[in-house]
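Below, each chain spelled out in residue letters.
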Amino acid sequence: HAVTVFVHSCATGNVEDFKFLAYYLRNGAVVAVASMGIPNAAPITAEALRLGMMPTGSELKAGTANFASISASVKKAAPTCKSAAPGSKTGGCCGGAGAAN
């Protein structure tokens, strides 16, 4: 398999404290996300990508979108998503392990 190189990325949070999200961009669109130390970030951002709800790289860089707004959008679009619930510490999101549906 070929290796894809992402030229642009946008990180939010604190890398030194191991609590961050790294958004990988292609042509200004988020195509992948890596997370560390942020509860439920992986299933929530995966669901946002699946639903086509991920903000653009420009919105993330400008601060007009962030993980809280992504999580709120996923919760509104997929209310059975346990991971997007406020204060949720359980895994599983819309169709994944532990999902309510």
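Residues numbered from 1 in each chain as written. Predicted model: local features only at pLDDT ≥ 70, side-chain atom pairs only at ≥ 80, totals over all residues. Heavy atoms only, no water.

(A) Region of interest: the pairing of strand 3 (residues 29-36). Direction of pairing for strand 2 (residues 19-26) relative to strand 3: antiparallel, over a ladder of 7 bridges. Bridging from a neighbouring strand, Ala 22 pairs with Ala 34 of strand 3. Between strand 2 and strand 3, which pair antiparallel in sequence order, lie 2 residues; one of them, Asn 27, sits at a positive phi of approximately 55°. (Pairing = 2+ DSSP bridges. Helix = DSSP H or I, 4+ residues; strand = E, 2+ residues; numbered from the N terminus.)

(B) The arrangement of the sheet that holds strand 1 (residues 8-14) in detail. A sheet is described by the order of its strands in space; here 3 strands give the open sequence 1-2-3, paired in antiparallel fashion. At either end of the open sheet lies a strand with only one pairing partner, and these are strand 1 and strand 3. Geometrically, the sheet is characterised by an average inter-axis angle of 15° between neighbouring strands, direction not taken into account. Examined bridge by bridge, strand 1 and strand 2 share 7 bridges and lie antiparallel to one another. Counterpart to Ala 11 in the pairing with strand 2 is Ala 22. (Axes fitted to C-alpha atoms, helices over the stretch in contact; angles between N-to-C directions.)

(C) Highlighting helix 3 (residues 67-77). Regarding helix 3, the residues found buried are Phe 67, Ile 70, Ser 71 and Val 74. On an axial view of helix 3, the arc spanned by its buried residues comes to 100°, and they lie on one face. Pointing more than 90 degrees away from the buried face of helix 3 are the exposed residues Ala 68 and Lys 76. On its buried face, helix 3 is in contact with strand 2, helix 1 (41-51) and helix 2 (57-62). Put simply, Asn 66 is the residue that caps the front of helix 3, since its side-chain oxygen is 3.0 Å from the backbone nitrogen of Ala 68. (Buried < 20%, exposed > 50% of the residue type's maximum accessible area, 1.4 Å probe, protein only. Arc of directions from axis to C-beta. Contact = heavy atoms within 4.5 Å. Polar contact = N/O pair within 3.5 Å; in protein donor to acceptor, adjacent residues only side chain to side chain.)

(D) Region of the structure containing the pattern of salt bridges. Under the defined criterion, the tally for this structure stands at 1 salt bridge. Residue Glu 47 is joined to Arg 50 by a salt bridge in which the shortest nitrogen-to-oxygen separation is 2.7 Å. Remark: Arg 50 and Glu 47 occur in helix 1; sequence separation between them is 3 residues, near one turn of the helix. (Salt bridge = Lys/Arg side-chain N within 4 Å of Asp/Glu carboxyl O.)

(E) Here's a closer look at the nonpolar core. Residues Tyr 23, Val 30, Met 54, Leu 60, Phe 67 and Ile 70 are the most contacted members of the largest nonpolar core, which totals 14 residues. Listed by contribution, the elements that provide at least two residues to this core are strand 2, helix 1 and helix 3. If we skip the residues at most four places from it in the chain, Phe 67 touches Leu 21, Tyr 23, Ile 38, Pro 39, Asn 40, Ala 41, Ile 44 and Thr 45. (Core = buried A, V, L, I, M, F, W, Y, C linked by side-chain atoms within 4.5 Å.)

(F) Examining unusual backbone geometry more closely. Look at Phe 18: it is not a glycine, yet its phi comes out positive at around 60°. Relative to the elements of secondary structure, Phe 18 occurs in the loop between strand 1 and strand 2. For Phe 18, a relative accessible area of 52% puts it in the exposed group.

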